[in-house]
Amino acid sequence: MGYTVRMPQLGMTMEEGVVVEWSVDADEEFESGDVIAVIESEKTANDVEAREGGVLLERFVDLEEAVEPGAPIAYVGDPGASVPDDVLAELEGDDGGGDDGEPADGEPATTTEGAGGGAALAVEGKVSPRARSYVRDNDLDVDESALATLDGSGPDGAVVERDVIDAVEAGTLGEAVEPAIPDTPAAAGRGIYEERQGSQLRRSVARQMTTSAEQAPQVTLNRSASVESLLALKDSLSADRDLQVSLTDFLLKAVARTLRDHPEFNAVYEGGVHKLAANVNVGVAVDVDDGLVTPVLDNVDELDLVGINAARSELVDRVQSREFTMEDLSDGTFTVTNLGHFGVETFDPLLNVPEVAILGVGTITQQPTADGDVEPHLGLSLTFDHRAVDGADAAKFLEALADELEHPTRLLSLGGGSSSESVDQAGAFRERADELEGRRRARAVSDGSMRGTVQSRRFEWDVDEPEDHGGDDTAPTPVEQFLGSLSSCLTLMIGSIAERRDVEIDRVEVEVDAEPDHDAIERLEVDITVTSPADESDVKRVVQTAERACYVNRIVSDDLEQSVTITVEQS
């Protein structure tokens, strides 16, 4: 019993695919579920598994030969069997040669010649994904062209993982020699000395960019935004809280918030219809060896900075190791592409059609201020589809985005780092343009109802009462905010004392309960749980010292009944 192996359809937009690795040789037996080939299409590589055991009776395509989805690429059968006539009949009219790479009958063999008449150096398309993965996983300082110069032992001479391992052990794996420009210029013409055929990824990028340029009337607006406060906040989070988030993470959060306020840009334009999307799925362009891949971060607006950092880092790692799938590239509603690390200040990115807009990010430059000083500015370039939105809309979008970046505390989240509530929601911190002087000074304002607004320094937040007390219950009550202040003070003080005493602490959790649940507080119950590898007695001494040092705890009346429970969990 035999069957035809066909090029799979990977995603609705797939137009063609190529076999980049034959995992089994002709006439080599394999079992059901074994990987028999690796195919690449639309920037992704995928395994083709055998649905039944057998041998490859014949391969119908060469490595790197592009064929449409559904086209036969091989035939599996029992050892010694032949490919059925109906399968061979289906192949009639194909342009490709046989499975051994020889030209079809009656067709002359062709070679690519350089300027001097010799064969040009061809290096692409002969290195298997597993060979590339071995190089990445072992941090080998070698590029694709150097790999391709190895003597490949795989099907059709492809360089496979074993070849790389052998070259490393033999000490022969080094930088590839680039084709030298001829010393003597050609007598006439351009003097072409090398021809490079684009990889499947390069061809996919070329098709996408051509489609973008042909389909959408595109306009780009450029401006910059001050990131002085943002960079200071990023450094502060790193130094004070050991929270490692990048400028890109802040930018993605700012983009997500801006898209929520300007939904016409969180959209696609298809069939003459401007379609606004409910989900904020932002594509992040990633540069790989032979092209550009744009994986998509889904629902970015629901993630806080830590969540964005984790999701983005994981996605970029999978792209760079070529372990991503078509689903990772699908359903984007907006794209961000960054050339700032190359020193580019502004540029005109092409749309990732059918999306309505793409944001290009440039490098940080120092720009003069009104008082004669300088401050860092980030270059922003917004390309938009003029069929869907106008220049005024794009200018307002950039203005709003710049405002988000210039007031970065809005991009922070409350809670333990997992909350998805952005800081401009009810009860959360907001940054004000004016600042209340004094680090320990606060002002509360109310319109006479059971809801008010509190300001301390440049931060503002809401206070409210439950509905049964006349409020709206859209923000914490003053008592709840006091309990939060007490618990946070104890938590931070434990960390500070532990650091000074060189006691390692993994986690601190403080829970404060006030009784009764209404009116004046009569009793406080404080439960402190510390996870640490240190000795339990040392940890308890740290906690007891922190309890006495906590300045919020010191304002609690001695007449107020208070119990403290300390639990130490070994890590």
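In the block above lies the structure referred to throughout.
Okay, so let's go over this structure. (Residues numbered from 1 in each chain as written. Predicted model: local features only at pLDDT ≥ 70, side-chain atom pairs only at ≥ 80, totals over all residues. Heavy atoms only, no water.)

## Comments concerning the overall build of the chain
Right, so step 1: Scanning the chain for helices and strands turns up eleven helices and 25 strands.
Right, so step 2: Per-residue burial for the chain yields a buried fraction of 41% across its 571 residues.
Right, so step 3: Across the chain, contacts joining residues at least 24 apart in sequence account for 60% of those joining residues at least 6 apart.
Right, so step 4: A total accessible area of about 30,100 Å² is found for the chain, and carbon and sulfur atoms account for 45% of it. (Helix = DSSP H or I, 4+ residues; strand = E, 2+ residues; numbered from the N terminus. Buried < 20%, exposed > 50% of the residue type's maximum accessible area, 1.4 Å probe, protein only. Contact = heavy atoms within 4.5 Å. Areas by Shrake-Rupley, 256 points an atom, 1.4 Å probe, with all protein chains shown as cover.)

## Some points on the nonpolar core
Within soluble globular proteins, side chains that are nonpolar tend to cluster in buried spots.
Right, so step 1: Phe265, Phe334, Val336, Leu359, Leu382 and Leu405 are the most contacted members of the largest nonpolar core, which has 43 residues in total.
Right, so step 2: Sort the elements by how many residues they give to this core and helix 7 (residues 247–261) lands first, with seven residues.
Right, so step 3: With sequence-adjacent residues up to four places away left out, Phe265 is seen in contact with Leu259, Thr333, Phe334, Val356, Ala357, Leu382, Phe384, Val389, Asp393, Ala394 and Phe397.
Right, so step 4: Leu483, Val530, Val542 and Val543 belong to the second-largest nonpolar core, a separate cluster that totals 27 residues. (Core = buried A, V, L, I, M, F, W, Y, C linked by side-chain atoms within 4.5 Å.)

## As for the side chain of His377
Right, so step 1: If you trace the backbone, His377 turns up in strand 18 (residues 374–385).
Right, so step 2: His377 gets classed as buried once you look at its relative accessible area, which sits at 11%.
Right, so step 3: Separated by 3.4 Å, the side chain of His377 and the backbone oxygen of Glu375 make a polar contact.
Right, so step 4: In contact with His377, not counting residues within four places along its chain, are Ser224, Ala225, Ser226, Val227, Thr363, Ile364, Thr365 and Gln367. (Polar contact = N/O pair within 3.5 Å; in protein donor to acceptor, adjacent residues only side chain to side chain.)

## What about the pairing of strand 16 (residues 334–338)?
Right, so step 1: Strand 16 sits mainly inside the fold: four of its five residues count as buried.
Right, so step 2: Of the strand pairs in this sheet, strand 12 (residues 282–284) and strand 16 are connected by three bridges, and their pairing is parallel. For Gly283, the partnering residue across the bridge sits in strand 16 and is Thr335.
Right, so step 3: Sheet topology places strand 16 next to strand 17 (residues 357–368); four bridges connect them, and they run parallel. From the neighbouring strand, Asn338 faces strand 17, where its bridge partner is Val361. (Pairing = 2+ DSSP bridges.)

## Points about the sheet that holds strand 16
Right, so step 1: Spatial ordering of the open sheet is given by 9-18-17-16-12-15, a layout of six strands whose pairing is mixed. Sheet topology places strand 9 (218–226) and strand 15 (296–297) at the edges, where each strand pairs with a single neighbour.
Right, so step 2: The sheet contacts of helix 7 involve strand 12, strand 15, strand 16, strand 17 and strand 18, and relative to strand 16 the element is tilted by about 150°.
Right, so step 3: Where helix 9 (residues 391–406) meets the sheet, it contacts strand 9, strand 16, strand 17 and strand 18, and its direction lies at approximately 25° from that of strand 9. (Axes fitted to C-alpha atoms, helices over the stretch in contact; angles between N-to-C directions.)

## Describing the side chain of His262
Right, so step 1: If you trace the backbone, His262 turns up in the loop between helix 7 and strand 10 (267–270).
Right, so step 2: Those residues in contact with His262, other than ones at most four positions away along the chain, are Lys396, Phe397 and Ala400.

## A word on the packing of aromatic side chains
Right, so step 1: In total, this model carries two aromatic pairs according to the counting rule given.
Right, so step 2: Aromatic side chains Phe265 and Phe397 sit 4.9 Å apart centroid to centroid with 40° between the ring planes, which places their arrangement in the tilted category. Here Phe265, found in the loop between helix 7 and strand 10, pairs with Phe397, found in helix 9; they are 132 residues apart in sequence, far enough to count as distant. Of the two residues examined, Phe265 and Phe397, each falls in the buried class.
Right, so step 3: Geometrically, the ring pair formed by Phe334 and Phe397 is tilted, given 5.8 Å between the ring centres and 35° between the ring planes. Of this pair, Phe334 sits in strand 16 while Phe397 is found in helix 9, placing the two residues 63 residues apart along the sequence. Both residues of the pair, Phe334 and Phe397, belong to the buried class.
Right, so step 4: Every member of this aromatic cluster is reached through a ring pair, and the members are Phe265, Phe334 and Phe397.
Right, so step 5: We note Arg440 situated over the ring of Tyr551; from NZ or CZ to the ring centre the distance is 5.2 Å. (Phe/Tyr/Trp six-rings, centres within 6.5 Å; stacked < 30°, edge-to-face > 60°. Lys NZ or Arg CZ within 6 Å of the ring centre and 35° of its normal.)

## So, the packing of helix 7 against helix 8 (residues 305–320)
Right, so step 1: For the pair helix 7 and helix 8, the least separation of the axes is 9 Å and the interaxial angle reads 115°. Taken as axis vectors, helix 7 and helix 8 run roughly perpendicular relative to one another. Where helix 7 crosses over helix 8, the handedness of that crossing is right-handed. On the side of helix 7, the interface is formed by Thr248, Asp249, Phe250, Leu252 and Lys253, while helix 8 contributes Leu305, Ile308, Asn309 and Arg312. (Parallel < 35°, antiparallel > 145°, perpendicular 65-115°, else oblique. Left-handed = near helix turned anticlockwise from the far one by under 90°.)

## Considerations on the sheet that holds strand 20 (residues 443–446)
Right, so step 1: Across the sheet, which stays open at both edges, the four strands sit in the order 19-22-21-20 with antiparallel pairing between neighbours. Sheet topology places strand 19 (430–431) and strand 20 at the edges, where each strand pairs with a single neighbour.
Right, so step 2: The pairing of strand 20 with strand 21 (residues 451–456) spans four bridges and is classified as antiparallel. Residue pairing in the sheet places Ser446 in a bridge with Gly452 of strand 21.

## Thoughts on the packing of helix 7 against helix 9
Right, so step 1: Closest axis-to-axis distance for the helix 7/helix 9 pair is 9 Å, and the angle between their directions is 135°. Taken as axis vectors, helix 7 and helix 9 run oblique relative to one another. Judged by the twist between their axes, the crossing of helix 7 over helix 9 is right-handed. Note on element contacts: helix 9 touches helix 7 through Phe397, Ala400, Leu401, Glu404 and Leu405, opposite Leu251, Ala254, Val255, Arg257, Thr258 and Leu259.

## Things to note about unusual backbone geometry
Right, so step 1: The peptide bond linking Val353 to Pro354 adopts the cis configuration, its omega dihedral lying at 10°.
Right, so step 2: The omega torsion of the bond from Glu515 to Pro516 falls at -5°, within 30 degrees of zero and hence cis.
Right, so step 3: The phi dihedral of Asp331 falls on the positive side, at around 70°, and the residue is not glycine.
Right, so step 4: Following the sequence through the fold, Asp331 ends up in the loop between helix 8 and strand 16.
Right, so step 5: Given the relative accessible area of 62%, Asp331 is considered exposed.
Right, so step 6: Of note, the phi angle at Asp502 is positive, near 60°, even though the residue is not glycine.
Right, so step 7: Within the secondary structure layout, Asp502 lies in the loop between helix 10 (478–500) and strand 23 (507–515).
Right, so step 8: Since its relative accessible area comes to 72%, Asp502 is described here as exposed.

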